[in-house]
Amino acid sequence: MRPVIHTYRLLVCVSLLAVTCSVPVAVAQSTRSARELPEDVRAALERVEDFSFSFSQPGFYAVLEYVKTMGTSPGQLREPLPIDDWTVLLERPADFRGLPITIEGVVGRNKVWRFEQDEHRHLGTVWQLELWRADQPITATVILTDDAGDIPINATIRVTGYFVMVRQYHSGTKQIRQAALLVGHGPTLVSQTATLPETRSMSKGIVGLIVTATVVLLVTWILLRRSVARTRRSTETMRAGGPAPVSLADDLAAWAAEEPEQQTNDDDRTDRP
């Protein structure tokens, strides 16, 4: 009986020792993964103000300069967090700030811009992609340091970047929207399948334009035809209201039948006082 008790105690001690040793290892791994960015960059990120209409903040520039100059891809020291529900970024931005995350969305806008300020001129050219998904309450703004000019609108992309903040902006309908801001190198996956709805919508738009133009031309032709027919009928039924007060045709005929001498005498008689 005693050997069994001793064996049981030994197993309990070994289990407790394993758990005790594994906790510091897990904490150390978590600390290292959270410190993928250098200390000065993380210090700048701590001053980031979420829900601002401008992401021109020291934390953003610090992350962008790190990605631009170091050339390291986000997620080299830890596995990037796949974020399928963007709501968690909206509700807890501080929990993800500075961490490499992976998202997937549809490209709604793709533009390139160059830093003109002297203090940031060395950052050069970057590409700004606006991503959206129909099942998400917010959008995503992705700043890429690699050339992304060939990524088409409505393409579905997967991209990994450092999460910086949740920003606000005014939409085309003048409503305030939120967007998660990421900084990375370039997309890891680009899918063209999302361009089919755009082609269909363009085809529907062209067909609708042709149908509208045809209807307008048909209505115009009908109106013109009715106007011409109405004018013709009014001309055919036009009659004089009464006889002319003077018949100039009879006077001209009588004058032409007179002899020349009589015309001369009449002229002389007319000229007399």
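Each value, and the rule that gives it
- Residues numbered from 1 in each chain as written.
- Predicted model: local features only at pLDDT ≥ 70, side-chain atom pairs only at ≥ 80, totals over all residues.
- Heavy atoms only, no water.
- Salt bridge = Lys/Arg side-chain N within 4 Å of Asp/Glu carboxyl O.
- Helix = DSSP H or I, 4+ residues; strand = E, 2+ residues; numbered from the N terminus.
- Buried < 20%, exposed > 50% of the residue type's maximum accessible area, 1.4 Å probe, protein only.
- Polar contact = N/O pair within 3.5 Å; in protein donor to acceptor, adjacent residues only side chain to side chain.
- Phe/Tyr/Trp six-rings, centres within 6.5 Å; stacked < 30°, edge-to-face > 60°.
- Lys NZ or Arg CZ within 6 Å of the ring centre and 35° of its normal.
- Pairing = 2+ DSSP bridges.

A. Looking closely at the pattern of salt bridges. This model, assessed by the stated rule, comprises eight salt bridges. Taking the shortest distance from any N to any O, the salt bridge between aspartate 84 and arginine 133 comes out at 3.4 Å. Residue aspartate 84 is found in the loop between β1 (81-82) and α4 (87-91), and its partner arginine 133 is found in the loop between β3 (125-132) and β4 (139-144); the two are separated by 49 residues along the sequence. Accessibility expressed as a relative area gives 55% for aspartate 84, which makes it exposed. The exposure class assigned to arginine 133 is buried, which follows from its relative accessible area of 17%. Salt-bridge contacts for arginine 121 lead to glutamate 116; the nearest nitrogen and oxygen are separated by 3.8 Å. On the accessibility criterion, glutamate 116 (51% relative accessible area) is exposed. Within this structure, Asp84, Arg133 and Asp135 form a network of salt bridges that share partners.

B. Quick look at the side chain of arginine 133. Engagement of the side chain of arginine 133 in a polar contact is seen with the backbone oxygen of glutamate 104, the distance being 3.4 Å. Among the polar contacts made by the side chain of arginine 133, one reaches the side chain of aspartate 135 at a distance of 2.9 Å.

C. The environment of threonine 72, seen in detail. Locating threonine 72 in the fold gives a position in the loop between α3 (58-70) and β1. Here the alpha-carbon distance between threonine 72 and glycine 184, two residues 112 residues apart in the chain, equals 9.4 Å.

D. Examining the packing of aromatic side chains more closely. Across all of its chains, the model carries five aromatic pairs by this definition. Through pairs of rings, three or more aromatic residues link up here, namely Phe55, Phe60, Tyr61, Trp113 and Phe115. Over the ring of tryptophan 86 we find arginine 133; its NZ or CZ atom is 5.4 Å from the centre of that ring.

E. Region of interest: the pairing of β3. The buried fraction of β3 amounts to seven of the eight residues, a majority that puts the element mostly inside the structure. Direction of pairing for strand β2 (residues 100-114) relative to β3: antiparallel, over a ladder of eight bridges. Across the sheet, asparagine 110 pairs through a bridge with leucine 129, a residue of β3. By the bridge criterion, five bridges tie β3 to β4 in an arrangement that is antiparallel. Paired with glutamine 128 across the strands is isoleucine 143, a residue of β4. Adjacent in sequence and paired antiparallel, β3 and β4 are bridged by six residues.

F. Structural detail: unusual backbone geometry. Positive phi values are uncommon outside glycine, yet phenylalanine 51 reaches one of about 60°. If you trace the backbone, phenylalanine 51 turns up in the loop between α2 (39-45) and α3.

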